[in-house]
Structures are given as structure tokens and as C-alpha cells.
Amino acid sequence: MSQDFQGRVALVTGAARGQGRAHAVAFAERGADIVLCDRCEDSAALDYSLGTRSELAHTEELVTALGRRCVSGQADTSDRAAMDELVRRAENELGSVDIAVANAGVTGVSPIGEHTSELWHEVIGSNLTGVFNTLAAVTPGMIARKYGRIITTSSMMGRGASPAMAAYVASKWGVIGLTKSLAMELAAHHITVNSVAPGNIATPMVQNDAMYRRFRPDLTDPTWEDIAPTLAGLTHLQPVAALDPEEVSRVVLFLAAEASAHLTGMVFPIDAGAGAKNNA
Ligand SMILES: NC(=O)c1ccc[n+]([C@@H]2O[C@H](COP(=O)([O-])OP(=O)(O)OC[C@H]3O[C@@H](n4cnc5c(N)ncnc54)[C@H](O)[C@@H]3O)[C@@H](O)[C@H]2O)c1
């Protein structure tokens, strides 16, 4: 494994499981010290469970087993003070935060007539305000050190749309606007800001009972296998229901690499061709 990120510190939000864990381990494998963040708490507005403290602890074990230093914080990205405090702690203990992956997010499906304000605030708070808070916390140090690589996680829904996903779609379009705006603002400080736009990724966000029941209300106990054929034909062009989180990590690593110094303000789809339907 190359040691491209030796001497760098990478912060990853939503790191207890799923894509966040995959990104943290991928950076650690390539030499970076790691800052982990996850709220480790369920939300009453959502119909599926979020990451847990033991899952966050397991990500930390995976990172330290690779010989990397790790600062781990249970923090909600929608809480600006908590994010400022985590970044302060990381900079004190590890010296800097050079790379930030604003990955934490939630999903919620609801027709507009039943769409609660709680679901709206949860999704916008985690997916959009949370990305703003993460970037606001890391950028002062990056500006001072004249170096930074920021990757935000949008979605194929960040340039498309879906019925019954008003808050999610709005939040992910918002992430792209935020990414492009900060790319312009931070370019002169040698900081790049790009976004990844995943398709369906095999994580608990899509692999959960509520999702299975939504797609197969005709079955008593539906499983992933029951919904996979439908998902495969829904949005992706290639006949694959979901991609592995590591497929997203590879693009995140690319955007954080030294060689990507002059790539900024762009959106990179990892979506089995779903983005081919976009206008441009
Ligand atoms: N899985 C997919 O199909 C898919 C597709 C496109 C985009 N995404 C996006 O990818 C990102 C990662 O999702 P995933 O697939 O790994 O899902 P996941 O549910 O497996 O992991 C998300 C993690 O983020 C944490 N989290 C959620 N809200 C948080 C908050 N406010 N503060 C701190 N931590 C928080 C959760 O506890 C969980 O551990 C999300 O932004 C999601 O919207 C996912």
C-alpha cells in the first residue's frame, strides 16, 4: 500500500460505519493520522438506526491497528460548537487537520403531505448545516497552514430528484452549492473543495428493514435480496443494485491526493452511470 498521506491528518465525519468507516481506513492504510466523528445516536425523526458508540470504537480500532494515531469524537455535525471543539482537540493532539471528508448524513422518505418538520430539520441539519459546520471548523487552520483538501458527500440526488425525498434532495443540491462556493473562496489559500455524488451504496442507509418494507410492502419480512433487483433497475445504468463503500473511497483518495492540487469546485459521480441522465 502506498504511503501517500504520511504526515497528513484526515478528518472523516459519519465514521462509525458505512462510507465514513471505509474512508477513514483507506486514509489510515496510506499513512494518514485520523480524526473520527459520529453522533452515535438515533434520531426520532428517522425510521432506521444510525451508527453506535461501539461501531465508532471499532473504526478507531481499525485505524490504530494500522499504526496510526487517532482522535475520536462523539459529535453531531449539526452542532457547530461541538465541531469547533473536535477540530480544536484534533489540532492540539495531532498538529493539524489537512484533509476533511464531510460525509455524515441521513436519509428520509416521505410524501409532502406527511412530511414532518422534524424530518425536514433532521435531514437539513445533518446533511447541509452539518457540512457547513464541518467546513467552518476546519478551514481557519487550513488557511493558516496554506493547505487543505476538502471532500463533501452529496449524492446522485444532488443533481437529480426523486418523489417523496424533498428534504434529502434539497440538502444534497445544497451541498453542491456550498462546495462550489467554498471552492471559489478558498482557491487562493491552496485549499481544494470537491464533492462526491454516490449512487446506491451498500451501507445500512439503504440496507435496513424500513427500506425493504418500503420497496416490498407485499412481503411480511422482506430482505435485501427482495429489493435488489428493483434498485438495480431504478437509477443506475449498469445492472448493479449497490456499489461497495470502498468504490467511493477510491475517488475520495484521488481528490485528496497531491496530484489533484488543481481540481476544485467539481462533483464526481460514483453511481454506475446514473449521472449520464443529467443535463451536463
Ligand atoms: N448509501 C447510499 O446509497 C448513499 C447514496 C448517496 C449518498 N449517500 C451519502 O453518503 C453519506 C454516508 O452515508 P452511508 O451510506 O455511509 O450511510 P450510513 O447510515 O451507513 O452512515 C452514516 C453515518 O453518519 C452518522 N451520522 C448521521 N448524521 C450525523 C450527524 N448529524 N453527525 C454525526 N454523524 C452523523 C451516522 O451515525 C452513521 O454512522 C451520507 O451523506 C449519505 O447521504 C449515501
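Keep in mind it's a predicted model, so treat the numbers as computed, not measured.

1. Thoughts on the pattern of salt bridges
Between side chains of opposite charge, a pair can form as their charged atoms come close.
Here comes step 1: Following the criterion strictly, the structure yields 10 salt bridges and no others.
Here comes step 2: The residue Arg8 makes a salt bridge to Glu258 at a minimum N-O spacing of 3.4 Å. Within this pair, whereas Arg8 is found in the segment before β1 (9-13), its partner Glu258 is found in the loop between α8 (245-256) and β7 (267-270), the two being separated by 250 residues in sequence.
Here comes step 3: Residue classification places Glu258 among the partly exposed residues on the basis of a relative accessible area of 46%.
Here comes step 4: In the salt-bridge network here, residues are joined through shared partners; they are Arg39, Asp76 and Glu122.

2. Describing the site of the ligand
Here comes step 1: Near the ligand you find 30 residues, and of these Arg17, Asp38, Asn103, Gly199 and Thr203 are the closest.
Here comes step 2: With respect to the ligand, the side chain of Arg17 contributes an N or O atom lying 2.8 Å from an oxygen atom.
Here comes step 3: With respect to the ligand, the backbone of Gln19 contributes an N or O atom lying 2.9 Å from an oxygen atom.
Here comes step 4: When contributions to the shell around the ligand are tallied by element, the ones reaching two or more residues are α1 (18-29) and α5 (166-186).
Here comes step 5: Considering only residue class, the shell around the ligand consists of 11 nonpolar, 14 polar and 5 charged.

3. With respect to the nonpolar core
Here comes step 1: With 32 residues, the main nonpolar core has Phe5, Phe27, Ile34 and Val196 as its most contacted residues.
Here comes step 2: Those elements giving two or more residues to this core turn out to be β1, α1, β2 (33-38), α2 (53-65), β4 (99-102), α8 and β7.
Here comes step 3: Residue contributions to this core peak at 6 residues, all from α8.
Here comes step 4: Excluding residues that lie within four positions of it along the chain, Val196 makes contacts with Ile151, Thr152, Thr153, Ser154, Ser155, Val248, Val251, Val252, Leu255, Phe268 and Ile270.
Here comes step 5: Formed by 27 residues, the second largest nonpolar core is a distinct cluster that contains Val9, Ala75, Ala90 and Leu94.

4. Some details on α1
Here comes step 1: Over its 12 residues, α1 extends 17 Å from the first C-alpha to the last, a length consistent with the 16 Å expected when each residue adds 1.5 Å.
Here comes step 2: The buried fraction of α1 is high, at 10 of 12 residues.
Here comes step 3: Trailing α1 by a residue or two, Gly31 shows a phi angle of about 105 degrees, which is positive.

5. Points about unusual backbone geometry
Here comes step 1: If you check the backbone angles, Cys40 has positive phi at about 55 degrees while not being a glycine.
Here comes step 2: As for its position among the elements, Cys40 is in the loop between β2 and α2.
Here comes step 3: A relative accessible area of 12% means that Cys40 is categorised as buried.
Here comes step 4: With phi around 65 degrees, His190 is a residue other than glycine that occupies positive phi space.
Here comes step 5: Summarising the element assignment, His190 is placed in the loop between α5 and β6 (191-198).

6. Description of the side chain of Asp38
Here comes step 1: Among the structural elements, Asp38 can be located in strand β2.
Here comes step 2: Buried Asp38, no salt bridge; nearest opposite-charge side chain is Arg39, N-O distance 6.4 Å.
Here comes step 3: Each residue touching Asp38, except ones within four places of it in the same chain, is listed here: Gly14, Ala15, Ala16, Gly51, Leu56, Gly73, Gln74 and Ala75.

7. Section: the packing of helix α3 (residues 80-94) against helix α4 (residues 117-145)
Here comes step 1: One way to put it is that α3 packs onto α4 with a least axis distance of 8 Å and a crossing angle of 35 degrees. Pair α3 / α4 crosses with right-handed handedness. In this structure, α3 uses Arg80, Met83, Asp84, Val87 and Glu91 to contact α4, whose residues at the interface are Phe132, Asn133, Thr134, Ala136, Ala137, Val138, Gly141 and Arg145.
Here comes step 2: Tallied by class, the residues present in the contact of α3 with α4 amount to 6 nonpolar, 3 polar and 4 charged.

8. Focus on the packing of α1 against α2
Two quantities define a packed helix pair, namely the angle between the axes and the distance from one axis to the other.
Here comes step 1: Packing of α1 against α2 brings their axes to within 9 Å, and their N-to-C directions diverge by 15 degrees. By the angle between their directions, the pair α1 and α2 is classed as roughly parallel. Where α1 crosses over α2, the handedness of that crossing is right-handed. Note on element contacts: α2 touches α1 through Glu55, His58, Thr59, Leu62 and Val63, opposite Arg21, Ala24, Val25 and Ala28.
Here comes step 2: Per-class residue counts for the contact of α1 with α2 are 5 nonpolar, 2 polar and 2 charged.

Rules used throughout
- Residues numbered from 1 in each chain as written.
- Predicted model: local features only at pLDDT ≥ 70, side-chain atom pairs only at ≥ 80, totals over all residues.
- Heavy atoms only, no water.
- Salt bridge = Lys/Arg side-chain N within 4 Å of Asp/Glu carboxyl O.
- Helix = DSSP H or I, 4+ residues; strand = E, 2+ residues; numbered from the N terminus.
- Buried < 20%, exposed > 50% of the residue type's maximum accessible area, 1.4 Å probe, protein only.
- Near = heavy atom within 4 Å.
- Polar contact = N/O pair within 3.5 Å; in protein donor to acceptor, adjacent residues only side chain to side chain.
- Nonpolar A, V, L, I, M, F, W, Y, C, P; charged D, E, K, R; others polar.
- Core = buried A, V, L, I, M, F, W, Y, C linked by side-chain atoms within 4.5 Å.
- Contact = heavy atoms within 4.5 Å.
- Expected span 1.5 Å × (residues − 1).
- Lys, Arg positive; Asp, Glu negative; His and termini not counted.
- Axes fitted to C-alpha atoms, helices over the stretch in contact; angles between N-to-C directions.
- Left-handed = near helix turned anticlockwise from the far one by under 90°.
- Parallel < 35°, antiparallel > 145°, perpendicular 65-115°, else oblique.

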